[in-house]
Amino acid sequence: MKAIQARAAALLLAALLVGGCAPGGGSSGAATAPATSTTTAGATSAATAAATITIRNFDFGTPVTVAPGAVVMVTNMDNAAHTVTADQGSAFDVDVRGGGGTGTFTAPSAPGTYAYHCTYHPNMHGTLTVK
């Protein structure tokens, strides 16, 4: 499992680095990995960009839209640990340590809107749209 997560993180990093060299100074890159427990950065071009959820001030930020099966990166800028846990079923669940910790997960393959929360902080809620 750790080898898969390490590989997913390496692929995501490579995609982000390549995207940073693109004309226009963009920093998004495409990546795909198995869906388990990791987090990804946000973007709006679901088919071509990695998505990122940035946790800051006990908030998940704006809703994120991704392509089915896209890798989603989660970055936790708070000092406290957080999770990104699907409200229904086991579509995704990632635990991210505080202080800049990151994780990734694979978005569900079925299009739809997926509500999620932090298991440690019940007041934290977000939405992931897959289309």
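Residues numbered from 1 in each chain as written. Predicted model: local features only at pLDDT ≥ 70, side-chain atom pairs only at ≥ 80, totals over all residues. Heavy atoms only, no water.

A.B. asks: Just give me the short version of the sheet that holds strand β4 (residues 82-86), but keep the residues and values in it.
C.D. replies: Strand order across the open sheet formed by five strands is β2-β8-β7-β4-β5, with mixed pairing between neighbours. The open sheet has two free edges, formed respectively by β2 (64-66) and β5 (93-96), since each of these has just one partner strand. Put simply, the sheet's adjacent strands are angled 25 degrees from each other on average, direction ignored. Note: β4 against strand β7 (residues 112-117), two bridges, orientation antiparallel. Each residue of the ladder has a partner; that of Thr85, found in β7, is His117. (Pairing = 2+ DSSP bridges. Helix = DSSP H or I, 4+ residues; strand = E, 2+ residues; numbered from the N terminus. Axes fitted to C-alpha atoms, helices over the stretch in contact; angles between N-to-C directions.)

A.B. asks: An account of the nonpolar core is requested, with residue identities and associated values reported.
C.D. replies: Counting residues in hydrophobic clusters, the biggest one holds 22 residues, and the most contacted among them are Ile53, Val66, Val84, Phe105 and Leu128. Residue assignment for this core shows that the elements contributing at least two residues are β1 (51-55), β2, β3 (71-76), β4, β5, β7 and β8 (125-130). The dominant element in this core, judged by the number of residues it contributes, is β1, at three residues. (Core = buried A, V, L, I, M, F, W, Y, C linked by side-chain atoms within 4.5 Å. Buried < 20%, exposed > 50% of the residue type's maximum accessible area, 1.4 Å probe, protein only.)

A.B. asks: Please provide a residue-by-residue account of the packing of aromatic side chains, values included.
C.D. replies: A complete count under the given rule lists three aromatic pairs for this structure. Summarising the aromatic geometry, the rings of Phe92 and Phe105 are spaced 4.6 Å apart at their centres and angled 15 degrees between planes, so their arrangement reads as stacked. A residue pair is termed long-range when its members are at least 10 positions apart, and Phe92 in the loop between β4 and β5 and Phe105 in strand β6 (residues 101-106) qualify at 13 residues. Given the relative accessible area of 1%, Phe105 is considered buried. An angle of 70 degrees between the planes, with centres 6.1 Å apart, marks the rings of Phe92 and Tyr116 as edge-to-face. Here the residue Phe92 occupies a position in the loop between β4 and β5, and Tyr116 occupies one in strand β7, the gap between them amounting to 24 residues. The exposure class of Tyr116 is buried, given its relative accessible area of 1%. Taken together, the ring pairs connect Phe60, Phe92, Phe105 and Tyr116 into an aromatic cluster. (Phe/Tyr/Trp six-rings, centres within 6.5 Å; stacked < 30°, edge-to-face > 60°.)

A.B. asks: Requested: an account of the sheet that holds β3, with residues and values cited.
C.D. replies: Within a sheet, adjacent strands bond to each other through the backbone by hydrogen bonds, running parallel or antiparallel. Strands sit in the order β1-β3-β6 across an open sheet of three strands; the sheet is mixed. A single partner strand is all that each edge strand has here, and the edge strands are β1 and β6. In this sheet, adjacent strand axes meet at a mean angle of 20 degrees when their direction is disregarded. Pairing analysis gives five bridges linking β1 to β3, with the strands arranged parallel. Among the inter-strand pairings, Ala51 is bridged to a residue of β3, identified as Val72.

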